[in-house]
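A structural walkthrough
Chain by chain, the residues:
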Amino acid sequence: MSTLTDLENLETLGTEQVLDLVLSSHAQSRVCFTCSFQAEDVIVLHFLRKRMPNIPVLFLETGYHFPETYQFRDDLTREWSLNLVNVLPKQTVKEQESAFGILYRENPTQCCQLRKVDPLLESLEPFDVWFTGLRREQSPTRKNLKKAEHHRLPGGKTLLKVSLLADWTWGKVWEYTAANHLSYLPQYDQGYASIGCQPCTAIPDDPNNPRSGRWSGKKLECGIHTFSESSQ
Ligand code: SF4
């Protein structure tokens, strides 16, 4: 088996080859997965749970998700006995709205910082390897995504960030979902293509940019994948 000395080499390997190589090279490492329960995340979980049934599944519990998302999270957690970790912001929705008003309308960047980025940064601190369900095709901001890259957190710690589906197409996501009888969020059947907090998610106008339905097209990222610095 090849070793993980050159991350570029991973780009030529298949999904499960990358996964097995990362896990065998990091047998003593602390590993986590950030999950919003979108179709890609369910696929990554399908791969991970066979090898690491207890992997911490970090869900950014902003308090603003669709009711259907909470139901789906709870159903899949029960069905697959997931080690779900709800990552909470410092303030409840009520406390934040009393202090700052409706930030997702007035200042979504600050809202995402308080409810996603800051809590995620804190929750990643104990880990060495971070799996995600990101794909290059999801957005122009993700076109240079690598299957594995080192990321330095603002506090100085470096993690290996692994995006097993980096080169998957939207078509392949749905082929795999159907072939493996995986369940998926019901909002997809209504036309949603990228599903996050309810107030900031709409059915996309641009079919070539599924994340154009997020934040009314005003921004494409909440910041949880751009706060850290790629050190490759
Ligand atoms: S996606 Fe919207 S509601 Fe969720 S944290 Fe960001 S601005 Fe707030």
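The structure this text deals with has already been given above.
This part covers helix H2 (residues 39–51). With 10 of 13 residues buried, H2 lies mostly within the body of the structure. Where H2 is buried, its residues contact helix H1 (15–25), strand S1 (31–34), strand S2 (56–60), helix H3 (67–80), strand S4 (129–132) and helix H7 (170–179).

Running from N to C, helix H4 (residues 93–100) and helix H6 (residues 108–124) point in directions that differ by 145°, and their axes come no closer than 12 Å. Pair H4 / H6 crosses with right-handed handedness. In this structure, H4 contributes Val93, Gln96 and Phe100 to the contact, and H6 contributes Gln110, Cys111, Leu114 and Arg115. Of the residues belonging to the contact of H4 with H6, the class tally is four nonpolar, two polar and one charged.

Before going further, it helps to spend a moment on the packing of H2 against H7. At a minimum axis separation of 10 Å, H2 and H7 run at an interaxial angle of 55°. The pairing of H2 with H7 is recorded here as oblique in orientation. When the axes of H2 and H7 are compared, the crossing they make is left-handed. Note on element contacts: H7 touches H2 through Trp170, Val173, Trp174, Tyr176 and Thr177, opposite Ala39, Glu40, Ile43, His46 and Phe47. Per-class residue counts for the contact of H2 with H7 are seven nonpolar, two polar and one charged.

Where side chains of opposite charge bring their charged atoms close, a pairing between them can arise. Considering all chains together, one arrives at 11 salt bridges under this definition. Between Arg73 and Asp74 there is a salt bridge, with its nearest N and O atoms 2.9 Å apart. Under the relative-accessibility criterion, Asp74 is labelled partly exposed at 30%. A salt bridge links Glu122 to Lys90, with the nearest nitrogen and oxygen atoms 3.2 Å apart. Remark: Lys90 occurs in the loop between strand S3 (83–87) and H4 and Glu122 occurs in helix H6; sequence separation between them is 32 residues. Classification of Glu122 by relative accessible area gives exposed; the value is 52%. When its relative accessible area of 73% is taken as the criterion, Lys90 is described as exposed. Here the residues in one salt-bridge network are Glu16, Asp20 and Arg51, joined through shared partners.

Tallied over the full model, the rule gives 13 aromatic pairs. Seen from their ring centres, Phe66 and Tyr192 are 5.5 Å apart, and the 75° between their planes marks the pair as edge-to-face. Of the two residues, Phe66 sits in the loop between S2 and H3 while Tyr192 sits in the loop between H7 and strand S7 (229–230), which places them 126 residues apart along the sequence. Take Phe66: its relative accessible area is 4%, and that puts it in the buried class. Residue classification places Tyr192 among the buried residues on the basis of a relative accessible area of 16%. A connected cluster of aromatic rings, assembled from ring pairs, spans Phe37, Phe59, Tyr70 and Phe72. When the ring centre of Trp168 is taken as reference, the NZ or CZ atom of Lys172 above it lies at 4.4 Å.

Basis of the calculations
Residues numbered from 1 in each chain as written. Predicted model: local features only at pLDDT ≥ 70, side-chain atom pairs only at ≥ 80, totals over all residues. Heavy atoms only, no water. Buried < 20%, exposed > 50% of the residue type's maximum accessible area, 1.4 Å probe, protein only. Helix = DSSP H or I, 4+ residues; strand = E, 2+ residues; numbered from the N terminus. Contact = heavy atoms within 4.5 Å. Axes fitted to C-alpha atoms, helices over the stretch in contact; angles between N-to-C directions. Left-handed = near helix turned anticlockwise from the far one by under 90°. Nonpolar A, V, L, I, M, F, W, Y, C, P; charged D, E, K, R; others polar. Parallel < 35°, antiparallel > 145°, perpendicular 65-115°, else oblique. Salt bridge = Lys/Arg side-chain N within 4 Å of Asp/Glu carboxyl O. Phe/Tyr/Trp six-rings, centres within 6.5 Å; stacked < 30°, edge-to-face > 60°. Lys NZ or Arg CZ within 6 Å of the ring centre and 35° of its normal.

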